Amino acid sequence: MKITGVEIRPGNIIEYEGGIWKVTKIQHTQPGKGGAYMQVEAKNLIDGRKLNNRFRSADTVEKVRLDTKDFQYLYAEGDDLVFMDKDTYEQITISKDVVGDAHEFLQDGMEVVLELWEERPISVELPEQIEATIVEADAVVKGQTASSSYKPAILDNGVRVMVPPHITSGTRIVVNVYDREYVRRAD
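Residues numbered from 1 in each chain as written. Predicted model: local features only at pLDDT ≥ 70, side-chain atom pairs only at ≥ 80, totals over all residues. Heavy atoms only, no water.

Some thoughts on the environment of Ala102
Residue position: Ala102 is located in the loop between helix H1 (96-99) and strand S10 (111-117). A sequence separation of 24 residues divides Ala102 from Leu126, and the C-alpha atoms of the two residues are 7.7 Å apart. Once residues within four sequence positions are removed from consideration, Ala102 is found in contact with Leu126, Val177 and Tyr178. (Helix = DSSP H or I, 4+ residues; strand = E, 2+ residues; numbered from the N terminus. Contact = heavy atoms within 4.5 Å.)

The structure is reproduced here in C-alpha cells:
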C-alpha cells in the first residue's frame, strides 16, 4: 500500500531503496519557505543500518505488512537458534542477531511469534514476561531498608537483574524480558 511522505508514523514498516525499514522517529517540519516535509529516522530490519531521510508530501513510499506466525523455540546451535513452525512442524534456523539481547530469555518449548517478510524471518517476539529462578543473590546490606533499595541477582539463564532485598537464592520470580526488570514473585 502506497502512502505519502507525511503519512509515515513511528512503528510503520516501509520499503525504501530496496530495503525494509522500521520507522523509529518522525518530525514534521514546516519551514518558512518551501513545502513541509517529514524528517524520518528508521532502522533496516535486515542488516540493522540506520536511515535519516526527508520525505516531502509529494513523495510516496510502500507501507509493508509483515506476516506473523506462531513458532516454538527448540534449541541453540552455536550463534543460531532453531524454531519449529507450530502448524507444519517445519524447523527454521535463525541468527541470534535477529532476536537481539532477548535471546538469553529463550527457554526450551517457549512459544514465540515470528514476523516474516516474503517468507524471510525479520524479527522474533518473545512473551512479555517469563518465570526464572534466582541462582545467586547478594546479601542485604544492613540499614538500607528505609529506601526502596534493590540488590543484584543472577538468574538460572545467567542474566543479571536487580531484585528487592527479601528475594533470596532459589526463589522463582517473574521478569520482564525486554526491560530486564523484576516484576513479582512467581506463584
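Examining the sheet that holds strand S11 (residues 120-125)
Sheet architecture is open: 5 strands sit in the order S9-S8-S7-S10-S11, paired in antiparallel fashion. Edge strands, defined here as strands with exactly one partner in the open sheet, are strand S9 (91-95) and S11. Taken pair by pair, the neighbouring strands of this sheet meet at an average axis angle of 45°, ignoring direction. Pairing analysis gives 5 bridges linking strand S8 (residues 80-85) to S9, with the strands arranged antiparallel. In the sheet register, Met84 faces S9, and the bridge partner there is Gln91. (Pairing = 2+ DSSP bridges. Axes fitted to C-alpha atoms, helices over the stretch in contact; angles between N-to-C directions.)

Focus on the UniProt feature "domain: Translation elongation factor P/YeiP central" (unreviewed entry) in the protein
Residues given the UniProt feature "domain: Translation elongation factor P/YeiP central" (unreviewed entry) here are residues 68-122. From the first C-alpha to the last, residues 68-122 spans 10 Å; its make-up is 7% helix and 56% strand. (UniProt positions renumbered as here; feature names shortened; annotations may be inferred.)

Re the packing of aromatic side chains
Per the stated rule, a full pass over the model turns up 2 aromatic pairs. Taking 5.1 Å as the distance between ring centres and 75° as the angle between the ring planes, the aromatic pair formed by Tyr16 and Phe55 counts as edge-to-face. Of this pair, Tyr16 sits in strand S2 (residues 13-16) while Phe55 sits in strand S5 (residues 50-56), placing them 39 residues apart in sequence. For the pair shown, Tyr16 and Phe55 are each scored as buried. (Phe/Tyr/Trp six-rings, centres within 6.5 Å; stacked < 30°, edge-to-face > 60°. Buried < 20%, exposed > 50% of the residue type's maximum accessible area, 1.4 Å probe, protein only.)

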